Amino acid sequence: AVQAQRDAAQSLPAAHLRAVFNSPAAERWPKRRIGDFAFVQSGYAFKSEWFATEGIRLLRNANVAQDRFDWSDTVRLPASRRHEFPAHELKEGDIILSLDRPIVSGGLKVARVTDSDLPALLLQRVGRFQLKDGIHSDYLYHFLHTQDFIGSITAHDQSLGVPHISPKQVERMVIPLPPLEEQQAISGRLEAEKKEAAILTKTLTDKLAA
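Since we're looking at a predicted model, the values are computed, not measured.

**Q** Would you take a moment to explain the pattern of salt bridges for this structure?
**A** Applying the stated criterion across every chain, the model contains 10 salt bridges. Put simply, Asp-73 and Arg-60 hold a salt bridge, and the shortest N to O gap is 3.3 Å. Pair noted here: Asp-73 is in the loop between β3 (56-59) and β4 (75-77) and Arg-60 is in the loop between β3 and β4, with a separation of 13 residues, a long-range link. Its salt-bridge partner being Glu-89, residue Arg-82 comes within 2.4 Å of it at the nearest N-O pair.

Written out as structure tokens, the structure reads:
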């Protein structure tokens, strides 16, 4: 019974997303392309012979997980060369999407940069969303977790058996876009619901273990 309760708790975030993005209200929101409000920047093609054991970390596909970064397998660029790539230096809050194998068994490989991830540079085949006016960062981040967005990715062709997607393909995807103030309110509600679901899941996990 506890196992069933935990499974239900783990499915709550997806249910909350559907309640927002598949609602009658969402049907009335203007449909725009992501590229109207965000540019997807691909990382720099750093050469492997530049890599060093010490220096600034390079964010690769292998480091992008679900809502977090895994730095257990890290490559670095000598710190003395950091100044050569200011356009690819990551900032706190950046939304990062893996462009090669973006979807794995655990879900979509998308995460946000935190202070503990810095400093780091963006490497090739990893995309960073650079936002323009008219879209709230949190709202976009929640939308990227919806089945609508994930389904749009899986609908694209595969090359050599390796699922991949280009920045331009991401920019062409459609997003329902309410007014900015409403985006912010929706994001706050979804974030609160996500935290509540995480707390409930942990409580039931502990209970199951006991």
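**Q** Is there a simple way to think about helix α7 (residues 180-209) in this case?
**A** What sets the pattern is the α-helix's 3.6 residues per turn: residues three or four places apart point alike. Between the first and last C-alpha of α7 there are 43 Å, a value that for 30 residues agrees with the 44 Å anticipated at 1.5 Å per step. Turning to α7, its buried residues number three or more, namely Gln-183, Ile-186, Ser-187, Leu-190, Ala-197, Thr-201 and Leu-204. For α7, the secondary structure elements touched by its buried residues are α1 (2-10), α2 (12-21) and α4 (137-143).

**Q** What's the story with helix α5 (residues 147-154) in this structure? I'm lost.
**A** Here α5 has its buried residues at Phe-149, Ile-150 and Ile-153. Along α5, the residues classed as buried sweep out an arc of 95° about the axis, all on the same side. The exposed residues of α5 that point more than 90 degrees off its buried face are Gln-147 and Thr-154. Against β5 (95-98), β6 (103-104), β7 (107-108), α4 and α6 (167-172) lie the buried residues of α5.

**Q** What is the right way to read the packing of aromatic side chains from this model?
**A** Aromatic rings in a pair are described by how distant their centres are and how their planes are angled relative to each other. Per the counting criterion, the structure on display carries 10 aromatic pairs. Geometrically, the ring pair formed by Tyr-44 and Phe-85 is tilted, given 4.9 Å between the ring centres and 55° between the ring planes. With Tyr-44 in the loop between β2 (38-42) and β3 and Phe-85 in the loop between β4 and β5, this pair connects stretches of sequence that are 41 residues apart. Taking the relative accessible area as the measure of exposure, Tyr-44 reaches 32% and is therefore partly exposed. With a relative accessible area of 6%, Phe-85 lands in the buried category. With centroids separated by 6.4 Å and ring planes inclined at 40°, the aromatic side chains of Phe-69 and Trp-71 adopt a geometry described as tilted. Each member of the pair, Phe-69 as well as Trp-71, carries the same accessibility label: buried.

Cut-off values and rules
- Residues numbered from 1 in each chain as written.
- Predicted model: local features only at pLDDT ≥ 70, side-chain atom pairs only at ≥ 80, totals over all residues.
- Heavy atoms only, no water.
- Salt bridge = Lys/Arg side-chain N within 4 Å of Asp/Glu carboxyl O.
- Helix = DSSP H or I, 4+ residues; strand = E, 2+ residues; numbered from the N terminus.
- Expected span 1.5 Å × (residues − 1).
- Buried < 20%, exposed > 50% of the residue type's maximum accessible area, 1.4 Å probe, protein only.
- Contact = heavy atoms within 4.5 Å.
- Arc of directions from axis to C-beta.
- Phe/Tyr/Trp six-rings, centres within 6.5 Å; stacked < 30°, edge-to-face > 60°.

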